[in-house]
Amino acid sequence: MRDRVTLACEECKNRNYTTTKNKKTTTGRIELQKYCKFCKKHTNHKETR
(Lines give C-alpha, C1' and ligand atoms only; values in the text may rest on other atoms or scores of the structure.)
Protein backbone atom coordinates (compact mmCIF):
# COMPACT_ATOMS: atom_id res chain seq x y z
CA MET A 1 0.00 0.00 0.00
CA ARG A 2 2.98 2.35 0.23
CA ASP A 3 3.55 4.52 -2.82
CA ARG A 4 6.72 6.29 -3.84
CA VAL A 5 6.39 10.09 -4.02
CA THR A 6 8.75 12.85 -5.13
CA LEU A 7 9.31 15.99 -3.06
CA ALA A 8 10.03 19.33 -4.75
CA CYS A 9 11.39 22.53 -3.20
CA GLU A 10 8.77 25.28 -3.05
CA GLU A 11 11.30 28.05 -3.73
CA CYS A 12 13.40 26.74 -6.62
CA LYS A 13 11.01 23.96 -7.78
CA ASN A 14 13.80 21.37 -8.02
CA ARG A 15 12.85 17.78 -7.27
CA ASN A 16 15.32 16.77 -4.56
CA TYR A 17 13.92 13.88 -2.55
CA THR A 18 11.91 10.69 -2.94
CA THR A 19 10.04 9.03 -0.08
CA THR A 20 7.16 6.65 0.49
CA LYS A 21 3.77 7.25 2.01
CA ASN A 22 0.76 5.16 2.94
CA LYS A 23 -2.11 6.13 0.63
CA LYS A 24 -4.77 4.83 3.03
CA THR A 25 -3.78 6.93 6.04
CA THR A 26 -2.37 10.00 4.23
CA THR A 27 -4.73 10.99 1.44
CA GLY A 28 -3.49 14.58 1.02
CA ARG A 29 -0.14 15.77 -0.23
CA ILE A 30 2.89 15.56 2.06
CA GLU A 31 4.73 18.75 3.01
CA LEU A 32 8.06 18.43 4.83
CA GLN A 33 10.85 20.76 5.93
CA LYS A 34 13.99 19.50 4.15
CA TYR A 35 17.42 20.85 3.14
CA CYS A 36 17.67 22.04 -0.47
CA LYS A 37 21.21 21.81 -1.84
CA PHE A 38 20.35 24.27 -4.63
CA CYS A 39 19.01 26.99 -2.28
CA LYS A 40 21.57 26.02 0.41
CA LYS A 41 18.97 26.26 3.21
CA HIS A 42 16.04 24.44 4.77
CA THR A 43 12.81 24.98 2.83
CA ASN A 44 9.36 23.42 2.55
CA HIS A 45 9.22 20.50 0.15
CA LYS A 46 5.87 19.47 -1.29
CA GLU A 47 4.77 16.24 -2.89
CA THR A 48 4.61 16.36 -6.68
CA ARG A 49 3.01 14.00 -9.15
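The structure under discussion appears in the preceding block.
The paragraphs below set out a description of the structure included in this document.

Each value, and the rule that gives it
Residues numbered from 1 in each chain as written. Predicted model: local features only at pLDDT ≥ 70, side-chain atom pairs only at ≥ 80, totals over all residues. Heavy atoms only, no water. Phe/Tyr/Trp six-rings, centres within 6.5 Å; stacked < 30°, edge-to-face > 60°. Lys NZ or Arg CZ within 6 Å of the ring centre and 35° of its normal. Pairing = 2+ DSSP bridges. Helix = DSSP H or I, 4+ residues; strand = E, 2+ residues; numbered from the N terminus.

## Quick look at the packing of aromatic side chains
Step number 1: Considering all chains together, one arrives at 0 aromatic pairs under this definition.
Step number 2: Cation over ring: lysine 34 sits above tyrosine 17, and NZ or CZ is 4.5 Å from the ring centre.

## A few points about the pairing of strand 1 (residues 2-9)
Step number 1: Bridging between strand 1 and strand 2 (residues 15-22) involves 7 bridges; their strand directions are antiparallel. The residue of strand 2 that forms the bridge with arginine 2 is asparagine 22.
Step number 2: The hairpin turn running from strand 1 into strand 2, its antiparallel successor, is 5 residues long, and lysine 13 in that turn takes a positive phi close to 65 degrees.
Step number 3: Pairing of strand 1 with strand 4 (residues 41-48), which is carried by 4 bridges, proceeds in the antiparallel orientation. Following the sheet pairing, cysteine 9 is matched in strand 4 by histidine 45.

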